[in-house]
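Per-entry structural report
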Amino acid sequence: MNDPRTAEVPPTPDTRTPAHPSPEAPSVETPSWDRLVSTALVGTSRRAVPHLPDLPRSRRAGAAGLLDLVAVDTVRTRAGYTAHTAEPVTPDEPDPRPQVGADAAHRLDAILANRPELLPEWLDLAVRGGRRVSHTQTPDLLERASRDSSLRPLVATAVGRRGTWLASFNSAWSFIAREPLATDVHTDRAWHHGTPAERRRTLFALRATDPAAARDLLAAAWPSENRGEERRGLLEALTVNLGPDDEAVLDQALDDRSANVRGLALTLLTRLPDSAHAHRLRSHLREHLDRQLSGGRGAPRAVDIVDMDVTAADQLRDLALVPPKKWPRSRQERWELGRVLVTHAPLDTWTERLRLDPTGVLNLAEEERDLREALADAVCLQADPDWARALLDHPGSGLAQLLRSGAMSRHWPRTRELFAALPGDERCAAVLAALGPADDPAEQTDLTPHTDSGWNSDFSGERGVLGQVLHAVGAPWTRELSEEVVRRLARPLSRRDARGYRFLCEAVAEHMPPEHLDLLPEQPPHEEEGHAYLHLRETLRFRLDMHREL
Amino acid sequence: MAKPGSWPQSGVVVADGGGASAVWGECKGSGAKPYLAAAHLDGDKGPAYKCSCPSRKIPCKHVLGLLSLWSQGTVEDREDRPEWVTKWLTGRVARQERATGAAAPAPADPEKAAATLRARDRAVTAGLEELRLWLHDQVEGGLAEIPELGYDHWDRMAKRLVDAKAGGAASLVTQLPQTGGRSGGRDGGDRWPDRLLERLGMLHLLVDGYLATAGADSGADTASGAEAVAGTGPHSSDDARTRTKLRSRAVLRARVGISTRTEEVLATGERVQDTWRVLGHRDSLTPDGMRSRRQWLRGAATGRYALSLTYARPTHTPDSPFRPGTEAEGELAFHPDGRRAVRAGALTERPASPPPGGTVDQALDSYAAALAEDPWLEAWPVVLENAVPARGEGWHLADPTGASLPMDSGELWRLLAVTGGRPATIAAEWSPGTGLSPMTVWDADGKAVSL
């Protein structure tokens, strides 16, 4: 009975039909219509124009007569369209925050259209200023965040309640409901009766104000949480105010059947260097080192870690691993397991056992590329400042060597994460130190032999690598750093440096504090790459205005 | 170039209200004759430039040099000016006035113009007579075989109509085989006979209506056509009857594709003085790939709707003669169909509060009344007051009485984002086929947001 054509129609042609057409349904819906259609399909040469009770009698025969009736029926159905009923949506909760100013909103439009790389900075400034975006821009931002998950925490805060409300109607934006906001307040109701997203957020809110209570809630609910994805979402709340008391819950999660949950538990445990878990990993690693050192070969030149024996069940469990199906035979397979131990065992195990400082340990591992990389991963994961310094300052393979090599090494650890272990000013100082004195001619000559022999696709020159390093600083640049970078921009440029120069310009445009704009001369230092330079100045000016507006 | 020495003669033409109207100069070049460069600064459509040099760049370096000198204050105001400057400026002003209708020139040869018009009407009539036979052929032979036919079948007829200068009818023929579109929807493919027959019927109505009124004088009685079918009913006065008839004829002519030139509209079109509220706009593509923009206005005092149409090449955005969220006080000149309108003279524009709106039932009534005048109407502007987004089968807009209309989802998210689910004034285009197409929503602060 869904066919609207079966609806009752009053006999007079000029009365509205009570049919309920919608965009999904045909617009012509009267009982006579089907007869008109069937006549037209067969053709009026074969079938006479029907007499229909609800239409005027056609004055003409044949095709003209039929089309007369079709027109009447079509027009009266359109004119007789009647209203539907539908359930109004529940309005959102008002957002108490003021909207960003009109200038800032226009700037956001410009960013969304042409300068997507500045979006995180704009959002960050708006959020810090305690403002929300204009409602009209909300769908656009949600769309961006659905494609780029790194934007989600900022976007969630910037779009506020309107955004969460809006996203509830579009499954492609459901991620936003899971993002905890600083304004969230914990309620028992949300925890006991809410959707998975609401439960996650209310747990985050409680964790921010009362970490112990949140942990207890989680521990109590843990056995009855059935979906691994949701367990992981809840466990993430422990990243807020993580402390030694969380160990029991995390340790329990190491036995989880979901690898994602186990992995997260291990990551969080790695940040608790005094936990029983950390001590267990220390002893696993020490045991191995002991075997190495007691080999009767005297003081080791290098540490061979390949033959680590990490297949014992308790070790595997402590590393969130499941026992391998078959015994690892090849060197590579064994190392896969050993590598997990190296990255997660507290780094002090090495310094204490080998009685060396971090640089000394790195020197020992110089020949063992795998071990060195694993140690660097450990430094990133454990965010250890001493070790981060040792890696950055290492005389043979530190930041200075990287810059001079003119190519980003695949073996170079994740710069951003290394820097993250250090305070902002120290990161800037590290880059400055690695760059060395500005007018050191040795550096420039240094470049030539390398480029002749080791030309590869990664090569972008010292400036190119500097650009990549600057992208990773992740903290406001000191004035000294800006000054030095500007000097580097002004240095003589050879043709093959062009790509690196442009790359450096981009990095400066995005990351140099806009108030350092005065350091940049108005005229491009290199006529041939003037465009990149002018764009850099323009972007800084754009950002300077942006900072003033927000 | 940008040195005063290169310009033995130069001057600033002062505008009536003070300030510079134009800058001109004669630049010493390498040749014997100086280059004559000028810039018209207060033209209606932004500045214009002229130079006698062969450069194809506009503005050329001479004009730029001249402007640079002017901006440094080294070009003096002058009462006198060479003849070439006067000629150029008066020509520009005259063209502008023609365009805005301040001075509509009479056709050069009224008789010749009338003959051209008659010839065009004859061509259109011949084309439509052919179309009438073609339509009958389709229905006599039956539509069942139609899906087997290629696009040729439709294109031949459409081309014939284009040749006959009946472009409107031609594009209706082009649309015949489209299964999606206006009333297609998701099941359009399955219900092609319904879609096709509807369109054939409406095309038939147009052809019959046009041919019945073509040639007949305005007083002659017309038994068929839009009027009879749309049921406009008996009229209270002869005046109203005559006006309705004229209007119907004009609608028929416009739909068939006989357009009225803007000059003509400005010279002889109906003028209506009012405060015109800008309701919003929608863009679409014409069958020949141009972009078109329909901007809808409504008179605050007369309640009259006006449609401004602009076109642009596919890569360009059509102009918006009226700014969203404003109202324009002054005269509009209407095309004979009583709907399409252009600016007549200067309008006073200012920001406006949300326009008054109505309920869903009022909107449907207004649509039905408009349909009576123009059954081929594709979309009609409606303003809903205190409308809220609602969910039924798909998304709707509901009024405070609980009545709702389905909404196409194109601009759904922006609309939802602006309202937050709270009642708002929303202007939309309505068509029973596609539902409501929101154009403008007025936010909580009364600010217009174009969707």
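Parameters and conventions
- Residues numbered from 1 in each chain as written.
- Chains lettered and ligands numbered in written order.
- Predicted model: local features only at pLDDT ≥ 70, side-chain atom pairs only at ≥ 80, totals over all residues.
- Heavy atoms only, no water.
- Helix = DSSP H or I, 4+ residues; strand = E, 2+ residues; numbered from the N terminus.
- Buried < 20%, exposed > 50% of the residue type's maximum accessible area, 1.4 Å probe, protein only.
- Contact = heavy atoms within 4.5 Å.
- Areas by Shrake-Rupley, 256 points an atom, 1.4 Å probe, with all protein chains shown as cover.
- Buried area = accessible area lost by both parts, 1.4 Å probe.
- Salt bridge = Lys/Arg side-chain N within 4 Å of Asp/Glu carboxyl O.
- Polar contact = N/O pair within 3.5 Å; in protein donor to acceptor, adjacent residues only side chain to side chain.
- Domains from an automatic or database assignment.
- pLDDT = per-residue confidence, 0-100.
- Pairing = 2+ DSSP bridges.
- Axes fitted to C-alpha atoms, helices over the stretch in contact; angles between N-to-C directions.
- Core = buried A, V, L, I, M, F, W, Y, C linked by side-chain atoms within 4.5 Å.
- Phe/Tyr/Trp six-rings, centres within 6.5 Å; stacked < 30°, edge-to-face > 60°.
- Lys NZ or Arg CZ within 6 Å of the ring centre and 35° of its normal.
- Expected span 1.5 Å × (residues − 1).
- Parallel < 35°, antiparallel > 145°, perpendicular 65-115°, else oblique.
- Left-handed = near helix turned anticlockwise from the far one by under 90°.
- Nonpolar A, V, L, I, M, F, W, Y, C, P; charged D, E, K, R; others polar.

The next subject is the overall build of chain B. Summing up its helical and strand segments, chain B has 11 helices and 15 strands in all. The buried share of chain B, taken over its 451 residues, is 46%. Across chain B, contacts joining residues at least 24 apart in sequence account for 59% of those joining residues at least 6 apart. Of the accessible surface of chain B, which amounts to about 21,600 Å², a share of 50% is contributed by carbon and sulfur atoms.

Helix and strand counts for chain A stand at 28 helices and 2 strands. In chain A, which comprises 550 residues, the proportion classed as buried is 52%. Taking the contacts inside chain A whose residues are at least 6 apart along the sequence as the reference set, 67% of them involve residues at least 24 apart. A total of about 26,000 Å² of accessible surface is found on chain A, and carbon and sulfur atoms cover 51% of it.

Between chain B and chain A, the residue contacts involve 64 residues of the former and 55 residues of the latter. Buried area between chain B and chain A, summed over both chains or domains, comes out near 4,900 Å², and the portion from carbon and sulfur atoms is 63%. Between chain B and chain A we count 3 salt bridges in total. Viewed at the interface, chain A and chain B are joined by 19 residue pairs in polar contact (both at pLDDT 80 or more).

The next thing to look at is the domain arrangement of chain B. Structurally, chain B comprises domain 1 (4-100), domain 2 (110-256), domain 3 (263-351) and domain 4 (360-450). Computed from C-alpha coordinates alone, the two centres of domain 1 of chain B and domain 4 of chain B are separated by 50 Å.

What follows deals with unusual backbone geometry. Residues and elements named next belong to chain A. Positive phi outside glycine occurs at Asn241, with the angle close to 55°. Relative to the helices and strands, Asn241 is located in the loop between helix H11 (228-235) and helix H12 (247-253). Notably, Arg355 is not glycine yet its phi reads approximately 50°, a positive angle. Checked against the element boundaries, Arg355 lands in the loop between helix H17 (348-354) and helix H18 (358-364).

All names here are of chain B. Model confidence for chain B is summarised by a mean pLDDT of 84, while 88% of its residues fall at 70 or above. No element of chain B has a lower mean pLDDT than helix H7 (residues 226-230), at 40, and none a higher one than strand E13 (residues 424-431), at 96. For the stretch residues 180-189, pLDDT sits under 50, and the model shows 19 contacts to residues farther than four places along the chain or on other chains. Contacts for the low-pLDDT stretch residues 217-235, under 50 throughout, to residues beyond four places or in other chains number 30 contacts. Across the assembled chains, the prediction reports ipTM 0.76 with pTM 0.75.

Attention shifts here to the side chain of His204 of chain B. Within the secondary structure, His204 of chain B sits in helix H6 (residues 192-213). Ignoring sequence-local partners within four residues, the contact set of His204 of chain B consists of Arg60, Ala64, Leu67 and Asp68 of chain A together with Leu135 and His136 of chain B.

On to the sheet that holds strand E4 (residues 48-51) of chain B. Residues and elements named next belong to chain B. An order of E1-E2-E3-E4 is seen for the 4 strands of this open sheet, with the pairing classed as antiparallel. Edge positions in the sheet fall to strand E1 (9-14) and E4, since each of these pairs with one other strand and no more. Direction aside, neighbouring strands of the sheet carry axes that sit 10° apart on average. Of the strand pairs in this sheet, strand E3 (residues 35-40) and E4 are connected by 4 bridges, and their pairing is antiparallel. Opposite Ala38, over in E4, you have Lys50 as the bridge partner.

All names here are of chain A. Under the counting rule described, the total for this entry stands at 57 salt bridges over all chains. With its nearest N and O atoms 2.9 Å apart, the salt bridge here joins Asp386 to Arg389. Of the two residues, Asp386 and Arg389 both sit in helix H20 (residues 385-393), 3 residues apart, roughly one turn of that helix. Overall, the relative accessible area of 28% leaves Arg389 in the partly exposed class. Via salt bridges that share partners, Asp251, Asp255, Arg280, Arg317 and Asp318 belong to a single interconnected network.

Taken as a class, soluble globular proteins show a tendency for nonpolar side chains to be buried jointly. If you look at the biggest cluster of nonpolar residues, it comprises 73 residues, and the most contacted ones within it are Trp122, Leu141 and Val155 of chain A together with Leu436 of chain B. Counting only domains with at least three residues in this core, you end up with domain 3 (263-351) and domain 4 (360-450) of chain B. Every residue in contact with Val155 of chain A, bar those within four places of it in the chain, is listed here: Leu123, Leu141, Leu142, Ala145 and Ile176 of chain A. Formed by 71 residues, the second largest nonpolar core is a distinct cluster that contains Val379, Leu402, Tyr533 and Leu544 of chain A.

Once that is clear, we can look at the environment of Glu26 of chain B. Residue and element names in this part refer to chain B. Relative to the helices and strands, Glu26 resides in strand E2 (residues 20-27). Along the primary structure Glu26 and Ser52 are separated by 26 residues, whereas in three dimensions their C-alpha atoms are 9.7 Å apart. Ignoring sequence-local partners within four residues, the contact set of Glu26 consists of Ser6, Trp7, Pro8, Gln9, Pro34, Tyr35, Leu36, Pro82 and Trp84. Within polar-contact distance, the side chain of Glu26 engages the side chain of Trp84 at 3.2 Å.

A few words on the packing of aromatic side chains. Per the counting criterion, the structure on display carries 10 aromatic pairs over all chains. On the numbers, 4.8 Å between centres and 75° between planes, the contact of Tyr81 of chain A with Trp430 of chain B is edge-to-face. With Tyr81 of chain A in the loop between helix H2 (62-79) and strand E1 (84-85) and Trp430 of chain B in strand E13, this pair bridges two chains. Residues Tyr81 of chain A and Trp430 of chain B agree in their burial class; the two are buried. Judged by centre distance (5.0 Å) and plane angle (85°), the ring pair of Trp165 of chain A and Phe169 of chain A falls under edge-to-face. By the burial criterion, Trp165 of chain A is buried, and Phe169 of chain A matches it. The ring of Phe542 of chain A carries the charged tip of Arg107 of chain A above its face, separated from the ring centre by 4.6 Å.

To continue, consider the pairing of strand E11 (residues 394-398) of chain B. All names here are of chain B. Among the 5 residues that make up E11, 4 are buried, leaving the element largely enclosed by the rest of the structure. In sequence, strand E10 (residues 380-392) turns back onto E11 through a hairpin of 1 residue. Where E11 and strand E12 (residues 403-406) come together, 3 bridges link them in antiparallel fashion. Note that in E12 the partner of Ala398 across the bridge is Ser404. The loop that links E11 with its antiparallel partner E12 comprises 4 residues; one of these, Gly402, has a positive phi angle of about 95°.

A few words now on the environment of Trp442 of chain B. Residues and elements named next belong to chain B. Structurally, Trp442 is set in strand E14 (residues 435-442). For the pair Trp442 and Gly73, spaced 369 residues apart in sequence, the C-alpha to C-alpha distance is 46 Å. With residues near it in sequence (within four places) discarded, Trp442 still touches Val278, Leu279, Pro354, Pro355, Ala424, Thr425, Ala427, Lys447 and Ala448.

This part takes up the sheet that holds strand E7 (residues 305-312) of chain B. Remark on secondary structure: sheet strands pair via backbone hydrogen bonds, oriented parallel or antiparallel. Residue and element names in this part refer to chain B. In spatial order, the strands read E7-E6-E5-E8-E9; together these 5 strands make up an open sheet with antiparallel pairing. Only two strands of the sheet have a single neighbouring strand rather than two, namely E7 and strand E9 (341-351). Each adjacent strand pair in this sheet contributes to an overall mean axis angle of 35°, direction not counted. Bridge analysis of strand E8 (residues 326-334) against E9 gives 8 bridges, and the strand direction is antiparallel. Residue Ala328 lies in a different strand from E9, and its bridge partner there is Glu349.

This part takes up the environment of Arg107 of chain A. With respect to the helices, strands and loops of the structure, Arg107 of chain A is situated in helix H3 (residues 102-114). Through-space distance from the C-alpha of Arg107 of chain A to that of Leu337 of chain A is 50 Å; in sequence the pair is 230 residues apart.

Looking now at helix H8 (residues 238-256) of chain B. Three- or four-residue spacings in an α-helix give side chains the same orientation, since the helix completes a turn every 3.6 residues. All names here are of chain B. With 19 residues, H8 extends 27 Å between its outermost C-alpha atoms, agreeing within 8% with the 27 Å of an ideal straight helix rising 1.5 Å per residue. Residues of H8 that are buried: Ala240, Lys245, Arg247, Ser248, Ala250, Val251, Leu252 and Val256. The first or second residue beyond H8 is Gly257, which carries a positive phi of 120°.

For the rest of this paragraph, the subject is the packing of helix H3 (residues 110-141) of chain B against H6 of chain B. Residues and elements named next belong to chain B. In contact at an axis separation of 10 Å, H3 and H6 are set at 140° when each is read in the N-to-C sense. Relative to H6, the element H3 lies oblique. The two elements H3 and H6 meet at a crossing, and its hand is left-handed. Each of Asp121, Val124, Thr125, Leu128, Glu129, Leu131, Arg132, Leu135, His136 and Val139 in H3 lies in contact with H6, whose residues at this interface are Leu200, Leu203, His204, Val207, Asp208, Tyr210 and Leu211. Residue composition of the contact of H3 with H6, by class: 10 nonpolar, 3 polar and 4 charged.

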